[in-house]
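Analysis of the macromolecular model
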Amino acid sequence: MNGDKAPVRVWCDGCYDMVHFGHANSLRQAKAMGDYLVVGVHNDEEITKHKGPPVFTEEERYKMVRGIKWVDEVIEGAPYVTTLETLDKYDCQFCVHGDDITTTADGVDTYHIVKSAGRYKECQRTQGVSTTDLVGRMLLLTRGHQQRGDSEYKVERSRTESMSEDSAAKSPWTGVSQFLPTTQKIIQFSEGKEPKPGDKIVYVAGAFDLFHVGHLDFLEKARAQGDYLIVGLHTDPVVNQYKGANYPIMNLHERVLSVLACRYVSEVVIGAPYSVSKDMMDHFKVDLVVHGATPVATDVDGEDGDPYEEPKRRNKFMLLDSGNTMTTELLVQRIISNRLSFVERNQKKEAKEANLWKAMNADQEK
Ligand code: CTP
Ligand code: C5P
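Quick caveat: nothing in here was measured; it's all calculated off a predicted structure.

Not every one of the 17 residues close to ligand 1 is listed here, only the nearest: Y16, H20, D100, V129 and T131. Between an oxygen atom of ligand 1 and a main-chain N or O atom of C15, the distance comes to 3.2 Å. With respect to ligand 1, the side chain of H23 contributes an N or O atom lying 3.3 Å from an oxygen atom. Expressed as a share of its isolated accessible area of 570 Å², the protein-covered part of ligand 1 is 95%. Among the cavities detected, the one that contains ligand 1 is the largest pocket. Among the secondary structure elements, those contributing two or more residues to the shell around ligand 1 are α1 (21-32) and β4 (94-98). With 3 residues, the single largest contributor to the shell around ligand 1 is α1. Of the residues belonging to the shell around ligand 1, the class tally is 3 nonpolar, 10 polar and 4 charged.

This is the structure in structure tokens:
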């Protein structure tokens, strides 16, 4: 807060279809520009009109954005073009958007009004994460994304790019480049708070791949069981061992950021052992271990195969139904069945951006 002055209210808006840590990072930056963050999320009808049908329903998208810890308020069904009336209605001084260009179906910059009124600020788009890239990974049954930076990854990247877009229509904004995880990013995303004396510590573990509404509902309920929620993330080889195929779709670094962005999470263990061990329970002073309604895979390396044997022995284990049936596999199925419209939508978006980029450069050369 800025002393006695009124809090600075900041506005962001977008589709937030298949919310990822790139979206979360833009909201983090926007929140840092003021005190209170209002996020307008477009409804399905508006997105269909301007971009093509979204993969996630408006209810799912509203919930996912509400789950991001820097968001103070969500406005459902915000208009696609941001107007001064919208900013005034919600008492927001300015609007923040990433340094890419968003246009309407007619090619108009959706922020032209707020830009000319001087009520627009830019945050940095997170390089190397986009819906296009994630969809590409789901469609290709390879595991290169789990070993970022090596030659297998580069081969996969070029195959993904060639199948999802026309090379003549490359956009400088949404055309992906590799995401580089840094400790700085982890620091920016983390809470940085230790549990207070007397806090009830809850522990959950899993893959949390392609962080979705099912995970969000589960974490909300798990957090409500105590005061401090620790999420243990399994490593990529462990997840691959029990999920098979090309899982996880997001590598460990990416999963860490997605989970850290969730408002119910206090701390993340980066690469937790598959079985919840005595050491884990004692080290983190865990009071309760929780697992959702999804099946528990056996620990092939463990003595009796049950990864929750130790917490059960201590009478500190609970099964908790999130009430949500979404799973990572269902999500991938949904995307694959919408594959053609997705590829088409992304190609259109890239082509529009590439044309704009060309026009902007031509203007500058004049
Ligand atoms: N954003 C970002 N970094 C990314 C992706 C999105 O900072 N890697 C930002 C956008 O710049 C915008 C906000 O997130 O300010 C909401 O974006 P949205 O309208 O949902 O969509 P896209 O930019 O189309 O995201 P994507 O390409 O991943 O679908
Ligand atoms: O499958 P994954 O390892 O990502 O799941 C992490 C945790 O989230 C597990 O405890 C799982 O049971 C829970 N979950 C849930 N409801 C869902 C999806 C996952 O409770 N719809």
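H215, T294, S322, N324 and M326 are the nearest of the 15 residues found near ligand 2. Here ligand 2 loses 93% of its free accessible area of 470 Å² to cover by the protein chains. Among the cavities detected, the one that contains ligand 2 is the second largest pocket. The element that contributes the greatest number of residues to the shell around ligand 2 is helix α9 (residues 213-223), accounting for 3 residues. When its residues are assigned to classes, the shell around ligand 2 shows 5 nonpolar, 9 polar and 1 charged.

Strands sit in the order β8-β7-β6-β9-β10 across an open sheet of 5 strands; the sheet is parallel. Two strands bound the open sheet, and with one partner strand each, they are β8 (267-270) and β10 (317-319). For this sheet, the mean angle separating the axes of adjacent strands, direction not counted, is 25°. Sheet topology places strand β7 (residues 228-233) next to β8; 4 bridges connect them, and they run parallel. Bridge pairing links I230 to E267 in β8. α9 rests against β6 (201-206), β7 and β9 (288-291) of the sheet, and its axis sits at about 135° to β7.

Here we take up the pattern of salt bridges. Enumeration according to the criterion identifies 19 salt bridges in this entry. R334 is the partner of E60 in a salt bridge, and the nearest nitrogen-oxygen pair spans 2.9 Å. Linking E60 in helix α3 (residues 58-66) with R334 in helix α14 (residues 328-337), this pair joins segments that are 274 residues apart in sequence. Its relative accessible area of 15% is what places E60 among the buried residues. Note that D88 and R119 form a salt bridge whose closest N and O atoms lie 2.9 Å from each other. Pair noted here: D88 is in helix α4 (residues 84-89) and R119 is in the loop between α5 (112-116) and β5 (120-123), with a separation of 31 residues, a long-range link. Taking relative accessible area as the criterion, D88 reaches 48% and is therefore assigned partly exposed.

So, about the layout of surface pockets. In this structure, the largest pocket spans a volume of roughly 810 Å³. Elements that contribute at least two residues to the lining of the largest pocket include exactly β1 (9-14), α1, α2 (44-50), β4, α6 (131-139) and α15 (339-365). For the lining of the largest pocket, the leading source of residues is α15, giving 6 residues. Taken together, domain 1 (9-123) and domain 2 (131-180 + 329-365) each give at least three residues to the lining of the largest pocket, which thus spans both. Roughly 650 Å³ of internal volume is contained in the second largest pocket. Residue lining of the second largest pocket: 30 residues in total, with H215, K243, H291, T294 and P295 positioned closest to the centre. Contributing elements (two or more residues each) for the lining of the second largest pocket: β6, α9, α10 (236-243) and α14. Take the lining of the second largest pocket: its biggest share by element is 3 residues, from α9.

This brings us to helix α11 (residues 252-260). Counting buried residues in α11 gives 8 out of 9 residues, a clear majority hidden from the surface. The complete set of buried residues in α11 reads L252, E254, R255, V256, L257, S258, V259 and L260.

Tallied over the full model, the rule gives 6 aromatic pairs. Consider the rings of W11 and Y90, whose centres lie 5.5 Å apart with planes at 20°: the pair is stacked. With a gap of 79 residues between them, W11 in strand β1 and Y90 in the loop between α4 and β4 connect regions that are remote in the sequence. In this pair, the class of W11 matches that of Y90, namely buried. Ring centres of Y242 and Y274 lie 5.2 Å apart, and the angle between their planes is 45°; this geometry places the pair in the tilted category. Remark: Y274 occurs in the loop between β8 and α12 (278-283) and Y242 occurs in helix α10; sequence separation between them is 32 residues. Taking relative accessible area as the criterion, Y274 reaches 15% and is therefore assigned buried. Taking the ring centre of F94 as reference, the NZ or CZ of K121 above it sits at 4.2 Å. Looking at K312, its charged tip hangs above the ring of F317, at a distance of 5.2 Å from the centre.

Procedures and definitions
- Residues numbered from 1 in each chain as written.
- Chains lettered and ligands numbered in written order.
- Predicted model: local features only at pLDDT ≥ 70, side-chain atom pairs only at ≥ 80, totals over all residues.
- Heavy atoms only, no water.
- Near = heavy atom within 4 Å.
- Polar contact = N/O pair within 3.5 Å; in protein donor to acceptor, adjacent residues only side chain to side chain.
- Areas by Shrake-Rupley, 256 points an atom, 1.4 Å probe, with all protein chains shown as cover.
- 1 Å grid on protein atoms, 1.4 Å probe; cavity = no way out; pocket = protein on both sides within 12 Å on 5 of 7 lines; lining within 4 Å.
- Sits in = over half its atoms within 2 Å of the grid points.
- Helix = DSSP H or I, 4+ residues; strand = E, 2+ residues; numbered from the N terminus.
- Nonpolar A, V, L, I, M, F, W, Y, C, P; charged D, E, K, R; others polar.
- Pairing = 2+ DSSP bridges.
- Axes fitted to C-alpha atoms, helices over the stretch in contact; angles between N-to-C directions.
- Contact = heavy atoms within 4.5 Å.
- Salt bridge = Lys/Arg side-chain N within 4 Å of Asp/Glu carboxyl O.
- Buried < 20%, exposed > 50% of the residue type's maximum accessible area, 1.4 Å probe, protein only.
- Points joined across faces, edges and corners; volume = space filled by probe spheres on them.
- Domains from an automatic or database assignment.
- Phe/Tyr/Trp six-rings, centres within 6.5 Å; stacked < 30°, edge-to-face > 60°.
- Lys NZ or Arg CZ within 6 Å of the ring centre and 35° of its normal.

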